[in-house]
Amino acid sequence: MRFRILGSTQVVLADGREIPVGGPRLRALLALLLLDAGRVVPAERLIDNLYGEHPPRGAANALQSQVSRLRQAVPAEHAPVEFHPTGYRLAVDPADIDAYRFERLAEAGRRALAGGDWARAAAELRAALELWRGPALADVVDVAGAPAQAARLDELRLAAVDDRIEADLAVGASAALVPELRELVVAHPLRERSRGQLMRALSALGRPAEALAEFEAARRTLAEELGVGPSPELAAIHLAVLRGADRPAERAAAEAALPSQLTTFVGREEELKRVGELLGERRLVTLTGPGGAGKTRLAIEAAGRSDGEVRFVELAGLAHGSDVPQAVLSALGLRDAGLRGGGLRDAGLRAPAEPGRQPTDRLVEALAERRLLLVLDNCEHVVADAARLAARLLGACPALRVLATSREPLGLAGEALCPMSGLTLPPPDASALDADDYAAVSLFAQRAADVAPDFSVTPTNAELVLRICRTLDGLPLAIELAAARLRALSVAEVAAHLDDRFRLLSMSSRAASPRHRTLRAVVEWSWDLLDETERTLARRLTVFAGGATLEAAGRVSEMPSAEFVDALTGLVDKSFVELTGGRYRMLETVRAFCAERLAEAGEAERLRRAHTAYFLELAWTASNHLRRAEQLHWLRRLDAERDNLHAALRRATAAGDAPEAAGLVAALSFYWWLRGMRGEGARLAADVLDVLGAEAPPGLGEEFALCVYNASLAGGGHLPSLGTQGSVIRSLDRPPRQPFLLYLSGISTGPPPGGAEDVEELMRELRRLVGPDTWINALGAMGHGSAQMWGGQSDRAGVAFSTALDGFRSTGDRWGSMITLGALGELAAWRGDPEAAGEHMNQAMGLAEELGSAVDQADMLRTRGEISLRAGDLTAARDDFAGALLLAQGSGAPEFVSAARLGLAQVARLSGDLAETRRLCEAALAGGLTGWYVGEATRSEIILLLQQITEEEKAGAASGPGAPPSVDGA
């Protein structure tokens, strides 16, 4: 348990949950005890502080009552309030109180500062200052004694800020310090230490005139407010600026090649290796990527491993590109013009430049023969000027190398690019136990432990950590901001609030540059660098889910072709859009920001409709190709667009666009089946049925039927009845646009009640409707052959199956060929030809694996298991049924799950294990076998098997392990 008084008084459990303490007086009592944690506080002092000069009657009893209430609010196992003869003692470890931790860390920082360990001093002091949430004892200021304690703590805080700035100045972090120091000077105009630090920072940046102006302002303020002059320390700084002396802070700024880092470097091993190799081969290397990807940190780490002299130039703070040469001069410790005249030379001020002599000329002179790696950091907002300077220097200075970081390339000949994005993330199927082996999770765990020392990735929280890291695209800055929230929130609360990521991730280290203090600021910095056409395309691209092809982006964005190409190129160059595998995608954080801009522009609904129209057209086009030889190519294409297709379907459903939503269900039905996505397809179709209603709207009969069939695939729920397969076919006034409807209707309703004769009549009606459509006629022959086989007409069934196989093969459809080969395998087994059966099933399994259809692989395995069962090979049958069960469970196919369990039950019965047989049968019956003919047929077989084993149990008989299996027994 942690206690906080650096701000409002809080009690926080280890998981981040806050315990409510009570009203002002109870919080005041807790604060008074915390200020003397571990020591007895006299009751008289507590009474005086709580009630002032006029305590109520029975003040001792009132205090005892308050203590009792505090004990109820804060469990004794965490912070027992002990009674002593003279008062009360709060028995807690001072390390659990933020004020004590602050003082300990601040003192450690002060010692490190005195010892010259600047990096450690800055780290300790930053950790101390990050404990503050507001004014100390903010909610108990009216309690006697509290104002004095609060003032003491606030003074310590200011001293810690001064010490931290001193450490930063020592390592050369002057540019980032100037705005902070100006704020401190305004807030505390009489604090000479802050004023002196500001003067030193300005002087180190080559701005001595501003430093001297600050001294004059301090002198006036001290004279007017206190009637005194500047202290000897401030006067000494003034003199050093005038003389241009080799001050410690300036010397550190010139000598420190790279900024010191306060945190460990996580991940990026491959990128670090690549940058090192590129720097050995090329003279200009640019790290590109979106904001927050860690470009600066990688550049620092790579430069630190480089041989020779290194200089680091921070460009983010520059207001104009013309300041780039001066920033490089300052980083090199050079003046930008020759200095003449003793007074000016002594003052360290810049004289007017010689006619025609520019800062770049001085840089060329200084670097002409110097072997140096120049790191130009954050070039994106001054990219043109940075590129011009780099080109000039590289052309004139043969020993110079440049490592740049930018959200877009410099665009120079010979430039080697190293694109960066998020840290590595575990793949979707990775074990949660191995999650912290990946850089994104490791970074989250390390930064979380910085603010919550007890935190670690465990099997309990691993899935939540993975969700956070994946939602944030593995972006280092976003992950660090999320981890920082564990100071006050639990992992579950952080994960739950990621939908509002810009509000959640709105705090960071106070030392960070303004553009890196919040996630929104990171994206806004990049957004501001876009031109208007790029912004238009950026916001319109947010309608895509999972990225877009060039064609899709161009069609949906509704921009003129030339403008579109230029804008897309600009977005890729500026790391606003990534190009991966031929697809353009935005990081989810960028996408969320741009989606807000789309809504503000009033374009969201128009772009949604354009997106839906495009993907509805694509789905129908793909549906036709899925029945042809090119079906594998189109399966992969639909896989790539799955997120877009389902997003379009969900949006159309939510908007009540019935024709578009139902059309997408119809077009995707065959794809869902082939990819084993029956569960997800069923849920999407059920949502569309809520829009369509209980009956088919005019003109949507086929789409309505497909929604019903797909929704029923999940095996539950009350759905409209469509009648027999014959009634569905006869309801069509044209060939079905989605022929897979015929297959779904057949396995849903079963064969006509009249047997093979009715099947033949139905096939004649179907042929009259569809004409010479080879695929549909092959499917009809397949159905006809199945009816003949069920009727015992094996020869006629074989002819029908052969006709079907020829038809499917002529169209190039692997799926149709597969199911027909499976039927031929069953027929061969019935005929007592295990060799032919095995050959047919091996071909069918090969096609199922080629298609990657999990549902059909489960069906083929089940069929092969039944063939092995008939042949008496119980081991092979058990293996096939077990494999079918796993595949069917993963695909959301309840009738195949039950059929696989039925097969395992038959194996168990033939092995003599009636108890296992019953268990498997009962599990199979609980698998959702409702509403489908195939499911009802499986249910009937299960019930029959249960009846058989019941009779055997009653008779005390069981088939022994050696009993030969038979068709009847199986």
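Our subject is the structure that appears above.
Residues numbered from 1 in each chain as written. Predicted model: local features only at pLDDT ≥ 70, side-chain atom pairs only at ≥ 80, totals over all residues. Heavy atoms only, no water.

Student: What's the story with the nonpolar core in this structure? I'm lost.
Tutor: As a rule of thumb, soluble globular proteins bury nonpolar side chains together. With 192 residues, the main nonpolar core has Leu-403, Phe-444, Phe-455, Phe-576 and Trp-815 as its most contacted residues. Among the elements that line this core, the one with the most residues is helix H31 (residues 658-674), at 13 residues. Core analysis: the next-biggest nonpolar cluster, separate from the first, contains 72 residues, Leu-32, Leu-137, Val-161 and Val-185 among them. (Core = buried A, V, L, I, M, F, W, Y, C linked by side-chain atoms within 4.5 Å. Buried < 20%, exposed > 50% of the residue type's maximum accessible area, 1.4 Å probe, protein only. Helix = DSSP H or I, 4+ residues; strand = E, 2+ residues; numbered from the N terminus.)

Student: I keep staring at a nonpolar patch on the surface and nothing clicks. Help me out?
Tutor: On the surface, Leu-190, Leu-226 and Val-228 cluster together to form a nonpolar patch covering roughly 250 Å² of accessible area. Mapping Leu-226 onto the fold places it in helix H9 (residues 208-226). (Patch = residues over 30% accessible without salt bridge, like charges linked within 9 Å, V, L, I, M, F, W, Y side chains within 5 Å. Areas by Shrake-Rupley, 256 points an atom, 1.4 Å probe, with all protein chains shown as cover. Salt bridge = Lys/Arg side-chain N within 4 Å of Asp/Glu carboxyl O.)

Student: How should the sheet that holds strand E3 (residues 40-42) be read in this particular structure?
Tutor: Backbone-to-backbone hydrogen bonds pair the strands of a sheet. The strands run either parallel or antiparallel. The strand order E3-E5-E4 describes an open sheet built from three strands, whose pairing is antiparallel. Both edges of this open sheet fall to E3 and strand E4 (81-84), since each of them pairs with a single strand only. Across this sheet, the average inter-strand angle for adjacent strands is 30°, counted without regard to direction. As defined by bridge partners, E3 adjoins strand E5 (residues 87-90) across three bridges and the pair is classed as antiparallel. When the bridges of E5 are listed, Val-41 appears paired with Tyr-88. In the packing of helix H1 (residues 24-35) onto the sheet, contacts are made with E3, E4 and E5, and the angle to E5 comes to roughly 75°. Along the sheet, helix H2 (residues 43-51) contacts E3 and E5; its crossing angle with E3, the most-contacted strand, is approximately 65°. (Pairing = 2+ DSSP bridges. Axes fitted to C-alpha atoms, helices over the stretch in contact; angles between N-to-C directions. Contact = heavy atoms within 4.5 Å.)

Student: What is the right way to look at the pattern of salt bridges in this model?
Tutor: In total, this model carries 51 salt bridges according to the counting rule given. Between Glu-605 and Arg-608 there is a salt bridge, and its shortest N-O distance comes to 2.7 Å. Remark: Arg-608 and Glu-605 occur in helix H28 (residues 604-625); sequence separation between them is three residues, near one turn of the helix. In the salt-bridge network here, residues are joined through shared partners; they are Glu-107, Arg-110, Arg-111, Asp-163 and Arg-193.

Student: Sorry, what's going on with the environment of Ile-747 here?
Tutor: Mapped onto the elements, Ile-747 comes out in helix H35 (residues 740-749). By relative accessible area, which is 15% here, Ile-747 ends up buried. With 36 residues separating them in the primary sequence, Ile-747 and Gly-783 have C-alpha atoms 9.8 Å apart.

Student: It is not clear to me how the packing of aromatic side chains should be interpreted in this structure. Could you clarify?
Tutor: We describe a pair of aromatic rings using the distance from one ring centre to the other and the angle between the two ring planes. In this structure the tally under the stated criterion is 15 aromatic pairs. Considering the side-chain rings of Phe-544 and Phe-615, the 6.2 Å spacing of their centres and the 80° angle between planes classify their relative orientation as edge-to-face. In this pair, Phe-544 is assigned in the loop between helix H24 (532-540) and helix H25 (550-557) and Phe-615 in helix H28, connecting sequence segments 71 residues apart. By relative accessible area, which is 3% here, Phe-544 ends up buried. An angle of 85° between the planes, with centres 4.9 Å apart, marks the rings of Tyr-743 and Trp-815 as edge-to-face. Remark: Trp-815 occurs in helix H39 (residues 814-830) and Tyr-743 occurs in helix H35; sequence separation between them is 72 residues. Of the residues examined, Tyr-743 reaches a relative accessible area of 16% and is grouped as buried. The structure contains a cluster of three or more aromatic residues connected by ring pairs, namely Phe-670, Trp-673, Phe-740, Tyr-743, Trp-775, Phe-808 and Trp-815. In this arrangement the basic side chain of Arg-597 is found over the ring face of Phe-593, its NZ or CZ atom lying 4.4 Å from the centre. (Phe/Tyr/Trp six-rings, centres within 6.5 Å; stacked < 30°, edge-to-face > 60°. Lys NZ or Arg CZ within 6 Å of the ring centre and 35° of its normal.)

Student: I would appreciate a short explanation of unusual backbone geometry in the present structure.
Tutor: A negative phi angle characterises most non-glycine residues, just as the trans form characterises most peptide bonds. Of note in the backbone geometry, Leu-137 takes a positive phi value of approximately 50° without being a glycine. With respect to the helices and strands, the residue Leu-137 is situated in the loop between helix H5 (118-129) and helix H6 (146-170). Judged by its relative accessible area of 0%, Leu-137 falls in the buried class. Positive phi is not limited to glycine here, since Glu-558 has a value of about 55°. Structurally, Glu-558 can be placed in the loop between H25 and helix H26 (561-573). Judged by relative accessible area, which is 41%, Glu-558 ranks as partly exposed.

Student: Just checking my understanding: could you explain the side chain of Gln-197 for this structure?
Tutor: Its location among the elements puts Gln-197 in helix H8 (residues 192-204). Within the local environment of Gln-197, its side chain forms a polar contact with the backbone oxygen of Asp-162, the two atoms lying 2.9 Å apart. Contact partners of Gln-197, with chain neighbours within four places excluded, come to Asp-162, Ile-165, Glu-166, Leu-169 and Leu-181. (Polar contact = N/O pair within 3.5 Å; in protein donor to acceptor, adjacent residues only side chain to side chain.)

Student: Just to check I follow, could you spell out the environment of Leu-920 for this structure?
Tutor: Counting through the fold element by element, Leu-920 comes out in helix H44 (residues 914-925). On a C-alpha basis, the gap between Leu-920 and Ala-900 in space is 9.6 Å, while along the polypeptide they are 20 residues apart. Excluding its chain neighbours within four sequence positions, the residues that come into contact with Leu-920 are Arg-901, Leu-904, Ala-905 and Ala-908.

Student: Mind showing me how you'd approach the sheet that holds strand E8 (residues 372-377) here?
Tutor: On the basis of which strands lie adjacent, the open sheet formed by five strands has the order E7-E8-E9-E6-E10 and parallel pairing. Single-partner strands in this sheet number two, and they are strand E7 (309-314) and strand E10 (416-419). Sheet twist, expressed as the mean angle between neighbouring strand axes with direction ignored, is 15°. Running at roughly 175° to E10, helix H12 (residues 269-281) makes contact with strand E6 (284-288), E8, strand E9 (400-406) and E10 of the sheet. Together, E6, E8 and E9 form the strand contacts of helix H17 (residues 383-396), whose direction differs from that of E9 by roughly 165°.

That's the geometry; what it means functionally is another story.
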